[in-house]
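Observations on chain architecture
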Amino acid sequence: MNYNESRIEAVRNSLDAGGFHAIYITNLTNVRYLSGFKGSAGSCFISDKVAYFISDGRYAAQSKGQVHDMEIIISNRPHIEILVSKGIISGTKKIAFEADELSVNALKKLKLIASQCEWVETTQLVEKIAMVKDKSEISAMRTAVQITDAVFEQIIPEVRPGATEQEIAAKIPFACKMMGAECESFPPIIASGENSALPHAKPTERKIEVGDFVVLDFGAKYDGYHADMTRTIVVGNATDKHSEVYDVVYEAQKLGCEATIDGIACKEIDSVCRNHINNKGYGEFFNHSTGHGLGLEIHTNPRFSPLSNDKVFENYIMTIEPGIYLPSFGGVRIEDDVLVKKDGCEILNNSPKELLELN
């Protein structure tokens, strides 16, 4: 059984467990995950016996080359209308739809066209299956991380006094592509000095100065899969304050990685990192969750959060990224992508995490 077949089979098992006859999938990330289609317009319909991919004439040739283990339907008519007209949807079926994806108006049209069916909202049905990465996904994400590490090594010489945050950020997408990536995973975060105290700062025209913390948060995207790494460096010689704050984050991140293992609760990983930072007196300055899932999207479930009721299991890929953000001084975040294993986790990144002083 190939990867697409196994994913479709997993969906069918979930449908059976939920008492559904079929599912109509419109989330493009899930469409790609199940069919292999990389375009911008498509849907899937999966039942216990059939699996269809539906798109329009623009993607007739593309879908033939990309879609596997599904029958392809190309038409410019509304997708549900096509499925009904072909008799694929018929009778009083209980059909699931993605509640997080379908608008109220789209649902009204769906129920009007296929009024004989019972349409039942679901959330995260496909996404829960996708949390467990197969060999092809792990391979793609390893490559994305390797490219990210290589870009970090290449970009470090650009971090110097007088360079602006925007100048450095602009060079990362080009470097990612030159190293073999599809593109960058997300707009890079380059934050220096007081800006580094903003967890999701956008690069500005601020010029880097001696004495700055500089946070570099970016990743490469390879074959649809995202990497996400953060390193924090000091321009010039680190002061005692720089070293103190950095060491607290460094140790918290290390503890989080060491604690991550198959079956552990997400909130426990968050607590391991957060408790260390709290015990060092910086708890109020750690103002986000400790990590998140990665895959065909940059942020997926589950989350290493104090509010999470989820667990992580073997072959989940997660980030671990505690931070401390001190207003008017600066911030530190250290982030790795990790592969959860039965007896621990594998840190995929190889970029150094010890405090780097650029002189």
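Residues numbered from 1 in each chain as written. Predicted model: local features only at pLDDT ≥ 70, side-chain atom pairs only at ≥ 80, totals over all residues. Heavy atoms only, no water.

Before going further, it helps to spend a moment on the overall build of the protein. Across its full length, the protein carries 10 helices and 20 strands. Taking 21 Å as the expected radius of gyration for a compact globule of 359 residues, we find that the protein reaches 23 Å, a close match to that expectation. In terms of overall dimensions, the protein has a C-alpha envelope of 70 × 40 × 40 Å along the principal axes. The 359 residues of the protein split such that 53% are buried. The long-range fraction of contacts in the protein, counting pairs at least 24 apart against all pairs at least 6 apart in sequence, stands at 65%. For the protein, the computed accessible surface area is about 16000 Å², with 49% contributed by carbon and sulfur atoms. (Helix = DSSP H or I, 4+ residues; strand = E, 2+ residues; numbered from the N terminus. Rg over C-alpha atoms; globule rule 2.2 N^0.38 Å. Buried < 20%, exposed > 50% of the residue type's maximum accessible area, 1.4 Å probe, protein only. Contact = heavy atoms within 4.5 Å. Areas by Shrake-Rupley, 256 points an atom, 1.4 Å probe, with all protein chains shown as cover.)

With that settled, the discussion passes to the pattern of salt bridges. Note that side chains of opposite charge can pair when their charged atoms are close. In this structure the tally under the stated criterion is 20 salt bridges. Notably, a salt bridge pairs Arg32 with Asp223, separated by 3.6 Å at the nearest N-O pair. Here Arg32, found in helix H2 (residues 28-35), pairs with Asp223, found in the loop between strand E10 (220-222) and strand E11 (225-226); they are 191 residues apart in sequence, far enough to count as distant. For Arg160, the salt bridge goes to Glu158, with nearest N and O atoms at 3.3 Å. Among the residues examined, Arg160 registers a relative accessible area of 40% and is labelled partly exposed. (Salt bridge = Lys/Arg side-chain N within 4 Å of Asp/Glu carboxyl O.)

This part covers the sheet that holds strand E8 (residues 189-192). On the basis of which strands lie adjacent, the open sheet formed by four strands has the order E8-E9-E12-E20 and mixed pairing. Where the open sheet ends on each side, the last strands, each with one partner, are E8 and strand E20 (356-358). Across the sheet, the axes of successive neighbouring strands diverge by a mean angle of 25°, strand direction being ignored. Two elements, strand E12 (residues 229-235) and E20, share three bridges in a ladder whose sense is parallel. Counted as the bridge partner of Val235 is Leu358 from E20. (Pairing = 2+ DSSP bridges. Axes fitted to C-alpha atoms, helices over the stretch in contact; angles between N-to-C directions.)

Ranked by size, the top nonpolar core spans 38 residues in total, and within it Val11, Ile23, Ile25, Tyr33, Leu34, Ile46 and Met70 carry the most contacts. Counting only elements with at least two residues in this core, the list comes to helix H1 (3-18), strand E1 (22-25), H2, strand E2 (43-47), strand E3 (51-55), helix H6 (125-130) and helix H7 (135-155). Sequence-distant contacts of Tyr33, defined by excluding residues within four places in its chain, comprise Asn4, Arg7, Val126, Ile129, Ala130, Val132, Glu137, Tyr225 and Leu296. Of all hydrophobic cores here, the second largest spans 27 residues; its members include Tyr316, Met318, Ile324 and Val340. (Core = buried A, V, L, I, M, F, W, Y, C linked by side-chain atoms within 4.5 Å.)

Working definition: an aromatic ring pair is given by the centre-to-centre distance plus the angle between the planes. Scanning the model with the defined rule gives four aromatic pairs in all. Ring geometry for Phe37 versus Phe53: centroids 4.6 Å apart, planes at 50°, classification tilted. Of this pair, Phe37 sits in the loop between H2 and E2 while Phe53 is found in strand E3, placing the two residues 16 residues apart along the sequence. The residues Phe37 and Phe53 share a single accessibility class, namely buried. Considering the side-chain rings of Phe213 and Phe329, the 6.0 Å spacing of their centres and the 90° angle between planes classify their relative orientation as edge-to-face. Here Phe213, found in strand E9 (residues 213-218), pairs with Phe329, found in the loop between strand E16 (323-326) and strand E17 (330-333); they are 116 residues apart in sequence, far enough to count as distant. (Phe/Tyr/Trp six-rings, centres within 6.5 Å; stacked < 30°, edge-to-face > 60°.)

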